[in-house]
Amino acid sequence: MKVLGIETSCDETGVALYCTEGGLLAQALHSQVELHERYGGVVPELASRDHVRRLLPLVEQVLAQAGVDVGELDAIAWTEGPGLAGALLVGAGVGASMAFALDIPGIGIHHLEGHLLSPLLSNDPPAFPFVALLVSGGHTQLMEVSGIGQYRLLGDTLDDAAGEAFDKSAKLLGLGYPGGPQIAHLAVSGTAGRHSLPRPMLHADTLDFSFSGLKTAVATRVRRGLADEGARADLAAEIESAIVDILVAKSLAALRRTAQRRLVVAGGVSANRRLREQLSAACAEAGARVHFPEPALCSDNGAMIAFAGALRLQQAGSDAFPRGREIGGFVVQPRWPLESLPPA
Ligand code: KG4
Ligand code: ZN
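The shown structure was predicted, so the numbers you read here are calculated from the model rather than taken from an experiment.

How each quantity is defined
- Residues numbered from 1 in each chain as written.
- Chains lettered and ligands numbered in written order.
- Predicted model: local features only at pLDDT ≥ 70, side-chain atom pairs only at ≥ 80, totals over all residues.
- Heavy atoms only, no water.
- Disulfide = S-S within 2.5 Å.
- Buried < 20%, exposed > 50% of the residue type's maximum accessible area, 1.4 Å probe, protein only.
- Helix = DSSP H or I, 4+ residues; strand = E, 2+ residues; numbered from the N terminus.
- Contact = heavy atoms within 4.5 Å.
- Donors = N, O, S within 2.8 Å, 3.2 Å for Na, K, Ca; no water.
- Domains from an automatic or database assignment.
- Buried area = accessible area lost by both parts, 1.4 Å probe.
- Polar contact = N/O pair within 3.5 Å; in protein donor to acceptor, adjacent residues only side chain to side chain.
- Pairing = 2+ DSSP bridges.
- Axes fitted to C-alpha atoms, helices over the stretch in contact; angles between N-to-C directions.

**Remarks on the state of the cysteines**
Where two cysteines share a covalent bond between their sulfur atoms, that bond is called a disulfide. For the coordinates displayed, the defined rule picks out zero disulfides. Cysteine C10 is unpaired, with the sulfur of C298 as its nearest cysteine sulfur at 16 Å. Classification of C10 by relative accessible area gives partly exposed; the value is 23%.

Below, the structure is given as structure tokens:
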């Protein structure tokens, strides 16, 4: 079964072709980072327009790369939400139109389910059940995952997401967008602990997160002045260390609380090297295993959407989804809680 996946929820146009027998056949991605860089964040209208320009050429590129004719597709999956409404509409519009024209099932996928299942695409996939730490630019959540669509929310951020904390801190330090990789890069030459930043709710008896106090502390520290490049690097290292400390402590607490022994980490922030090292060490000490997506699949991409679509199609059967003329239109869900998804 060949499923084409389309991702346009934010600032990446992602397309991929996943085959239930042959695995990932081809994928292509266009990042809009350069387009938004000068504004210091994503400009929604520019994002939508760029998706319109890029999407169809990327679809053609992926099909050509895989040597698959459009008529051979068995289903189309697209990101239905959450994300930017205008950006989501581009992927949903193209995806639903293709499913209509080809008379094949069309499947709207939850973006976070895509992230959450992406480690299953690795060579050493985790088995269910597991605890998932979802860390992206918009979300920071701990979930207990018993199967596809069986998600129990354990903890959530009360304010900023972890990626947002990286992005906002980077902006305060005068670094570009997206901030996570830039802070991580600068942190390599710095030393954590030379500046002291708070780790909000680190020891609180809850699996919820809070990052806005950290951002305020960074703003205060930057306003007091940083002597030189070394001091900036030390602050970057402390920012990264504070965010990672919180994510590690809460993930381990979630494993203890649920008595699970597997942790899956997904979303853009899961690319962070310090997070990977510290979580691996902490899990090893606790007798648990940790799974990360392949580095190329940490950020937004079409592969995770094609894969989630294929899994849902396999579990529910193709009759469970509208196809061809049954597709009377399409919806997007800019806000969409993951726990509200039905089990597969
Ligand atoms: O999952 P993603 O690509 O998009 C959303 O769904 O939000 O996540 C993007 C977020 C951004 O906040 C970015 O700064 C962060 O992931 N990020 C990182 C790293 N790479 C991306 N944060 C820390 N370290 C990284 N290496
Ligand atoms: Zn994402």
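Okay, back to it.
**Describing the environment of F209**
Inspection of the secondary structure assignment puts F209 in the loop between α6 (179-187) and α7 (212-224). A C-alpha to C-alpha distance of 8.8 Å links F209 and A162, two positions 47 residues apart in sequence. If we skip the residues at most four places from it in the chain, F209 touches L133, T140, L142, D156, T157, L158, D159, M201, I246, L247 and K250.

**A few points about the coordination of the zinc ion (ligand 2)**
Looking at the metal site, the zinc ion (ligand 2) is ligated by H111 (NE2), H115 (NE2) and D300 (OD), spaced 2.0 to 2.1 Å from it. Donor residues for the zinc ion (ligand 2), ordered by position in the chain, follow H-x3-H-x184-D. Residue H111 and its partner H115 are located together in helix α4 (residues 111-117), separated by four residues, close to a single helical turn. For H111, a relative accessible area of 7% translates into the label buried.

**Describing the domain arrangement of the protein**
When the parts of a complex come together, some accessible area is lost, and that lost area is often used as the size of the interface. In terms of domains, the protein is made up of domain 1 (2-116 + 298-340) and domain 2 (128-292). Domain 1 and domain 2 are separated by 28 Å when their C-alpha centres are compared. Across the contact, 19 residues belong to domain 1 and 20 residues belong to domain 2. Between domain 1 and domain 2 lies a buried interface of about 1700 Å² when both sides are counted; carbon and sulfur atoms form 70% of it. Ranking the residues of domain 1 by area buried against domain 2 places L116, C298 and E339 at the top, with a combined share of 36%. The interface formed by domain 1 and domain 2 contains three residue pairs in polar contact (both at pLDDT 80 or more).

**A closer look at the environment of Q333**
As for its placement among the helices and strands, Q333 is situated in the segment after α10 (302-316). With residues near it in sequence (within four places) discarded, Q333 still touches E80, G81, P82, G83 and L88.

**Side note on the sheet that holds strand β8 (residues 150-156)**
The strand order across the open sheet formed by five strands is β8-β7-β6-β9-β10, and the pairing between neighbours is mixed. The outermost strands of the open sheet, each flanked by one partner alone, are β8 and β10 (289-291). Across the sheet, the mean angle separating the axes of adjacent strands is 25° when strand polarity is ignored. In this structure, strand β7 (residues 140-147) lies alongside β8, joined through six bridges in antiparallel fashion. Within the sheet, the bridge partner assigned to Q141 lies in β8 and is D156. Its contacts with the sheet put helix α9 (residues 273-286) on β6 (130-135), β9 (262-266) and β10, and the angle it makes with β9 is roughly 175°.

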